[in-house]
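Residues per chain, in single letters:
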Amino acid sequence: MDQNNKFEPGDSVKFGERWCKDHNSIHLIGKIVMMTPQWFEYDDDLGGGIDQCAGIFEEGSEEPDSIYHLFGNDFEYFSDCELIKGSEEDKAAYNQIIKDAEEAEAKMWDEALEVREVAP
């Protein structure tokens, strides 16, 4: 991928035939897919954590794939795929997914703490 075309939240990928054949994903040939926020566990010297990254979760898969899993850390495997820049609405939708997930997690923790405070 041209370094001038950096991937940003809300961008989509049009999957190329060569990439799809090389990655056993022929069902994606020619499809345009907006990358959505996905969450990934990571390990580091401090014990790890969870990080958010653009990616795709395909039906039937056990785990999502980040853009880096799909295309390499430097997009060296982008092959014949095409980057399609997202609109402002796409970027807002991407950020809303993150906001909704953060609010749902905060609510879960608040409810867990309430239960804990009430328990004898």
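What counts as what
- Residues numbered from 1 in each chain as written.
- Predicted model: local features only at pLDDT ≥ 70, side-chain atom pairs only at ≥ 80, totals over all residues.
- Heavy atoms only, no water.
- Helix = DSSP H or I, 4+ residues; strand = E, 2+ residues; numbered from the N terminus.
- Buried < 20%, exposed > 50% of the residue type's maximum accessible area, 1.4 Å probe, protein only.
- Polar contact = N/O pair within 3.5 Å; in protein donor to acceptor, adjacent residues only side chain to side chain.
- Contact = heavy atoms within 4.5 Å.
- Pairing = 2+ DSSP bridges.
- Axes fitted to C-alpha atoms, helices over the stretch in contact; angles between N-to-C directions.

Section: the side chain of Asp11
And step 1. Positionally, Asp11 belongs in the segment before strand 1 (12-14).
And step 2. Exposure remark for Asp11: the relative accessible area of 0% places this residue in the buried category.
And step 3. Among the polar contacts listed, one links the side chain of Asp11 to the side chain of Lys85, at a separation of 2.9 Å.
And step 4. For Asp11, the contacting residues outside a window of four places in its chain are Lys6, Met34, Met35, Leu83, Ile84, Lys85, Gly86 and Lys91.

Some points on the environment of Arg18
And step 1. With respect to the secondary-structure elements, Arg18 resides in helix 1 (residues 17-22).
And step 2. Separated by 63 residues in the primary sequence, Arg18 and Cys81 place their C-alpha atoms 8.3 Å from one another.
And step 3. The residues contacting Arg18, other than those within four sequence positions of it, are Ser79 and Asp80.

Things to note about the sheet that holds strand 1
And step 1. As summarised here, the arrangement of the three strands in space is 2-1-6, forming an open sheet in which the pairing is antiparallel. Either end of the sheet is taken by a strand with one partner, and the two such strands are strand 2 (32-34) and strand 6 (82-84). Pairwise comparison of adjacent strand axes, ignoring direction, gives a mean angle of 25° for this sheet.
And step 2. Pairing of strand 1 with strand 2, which is carried by three bridges, proceeds in the antiparallel orientation. Bridge assignment links Val13 to a residue of strand 2, and that residue is Val33.

What to know about the pairing of strand 3 (residues 36-42)
And step 1. Pairing geometry for strand 3 and strand 4 (residues 49-56), over seven bridges, is antiparallel. In the sheet register, Glu41 faces strand 4, and the bridge partner there is Ile50.
And step 2. Taking the residues between adjacent antiparallel strands as the criterion, strand 3 and strand 4 are bridged by six residues, where Gly47 takes a positive phi near 105°.

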